[in-house]
Amino acid sequence: WRKEAREEGFMERMARTLGFIRAKTAPEPTPPTNLSENNPFEGLEDEIDEVEEDVGETFVEYEPRKVDVGEKHPGDIVETGSLASVEPPDVTYVPAIQSMVERENTLSSLQMEAIIYACQRHEVRLRDGSRGGFFLGDGAGVGKGRTIAGLLMENWLHGRKKALWIS
């Protein structure tokens, strides 16, 4: 197969694909056929509006519905419309750090929501005696580090001194 690859220029094609070798001749761009000579952007506004409408229907602004601890999150946080239609679990956990958060304004309501649901899960004992786990999968800019630090502080106040933080 090596001989065949050399004969067919396999390595050269691979290197060109990866950007290590430039193409010998660039193909001439073909001009668009459906644009007006006077306004090359004619009709583009309608396409942009359609895309924005689709995105607007797909995502909705996210606000914690069952947690009122902490200030509104400073960033724009969204969730899919299908997730927004699902009712979150009831809150049964009262965090020990609640008064500290309200006094010092250190965590947003979104971050506190994650801490509260994680702690609710930690109260669950599994068959082998270990505690239930929680996966924090927030996107960029939500403050996963602050949330995890708050979760560690909450557990510390309850005497749980062991933690594993994987980032």
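In case you missed it, the structure is sitting above this.
Note that residues are indexed from 1 along each chain, following the sequence as it is written. With the structure being a predicted model, the display of local features is reserved for residues of pLDDT at least 70 and the display and counting of side-chain atom pairs for 80 or more, all residues being used for whole-chain, interface and lining totals. Side-chain measures here rest on the full set of heavy atoms in the structure, leaving out hydrogens and waters.

1. Concerning the packing of helix α6 (residues 109-122) against helix α7 (residues 144-157)
- Note on geometry: axes are lines fitted to C-alpha atoms, helical ones only across the stretch in contact, with angles between N-to-C directions running from 0 to 180 degrees. Strands here mean DSSP runs of E at least two residues long; helices mean DSSP runs of H or I at least four residues long; both are numbered from the N terminus. Here α6 crosses α7 at 45°, and the two axes come no closer than 9 Å. Classed by the angle they form, the pair α6 and α7 counts as oblique. In this structure, α6 crosses over α7, and the sense of that crossing is right-handed. Contact residues: Q111, A114, I115, A118, C119 and H122 in α6; R146, T147, G150, L151, E154 and N155 in α7.
- Polar here means any residue outside two lists: the nonpolar Ala, Val, Leu, Ile, Met, Phe, Trp, Tyr, Cys and Pro, and the charged Asp, Glu, Lys and Arg; Gly therefore counts as polar. The class makeup of the residues in the contact of α6 with α7 is five nonpolar, five polar and two charged. Roughly parallel means an angle under 35 degrees; roughly antiparallel means over 145; roughly perpendicular covers 65 to 115; every other angle is labelled oblique. The crossing is said to be left-handed when, going from far helix to near helix, the turn is anticlockwise and less than a right angle, and right-handed when the turn is clockwise. Residues are treated as being in contact if the distance between any of their heavy atoms lies within 4.5 Å.

2. Some points on the side chain of H73
- Topologically, H73 is positioned in the loop between β1 (59-61) and β2 (78-80).
- On the basis of relative accessible area, H73 is assigned to the buried category, the value being 9%.
- Residues adjacent in sequence count toward polar contacts only when both atoms are side-chain atoms; beyond that, a polar contact is any pair of N or O atoms within 3.5 Å, and within protein one must be able to donate a hydrogen and the other to accept it. At 3.5 Å, the side chain of H73 forms a polar contact with the backbone oxygen of V142.
- If we skip the residues at most four places from it in the chain, H73 touches S108, S109, L110, Q111, G141 and V142. Think of it in three bands: residues with accessible area under 20% of the maximum for their type are buried, residues over 50% are exposed, and the middle band is partly exposed, with areas taken using a 1.4 Å probe on protein chains only.

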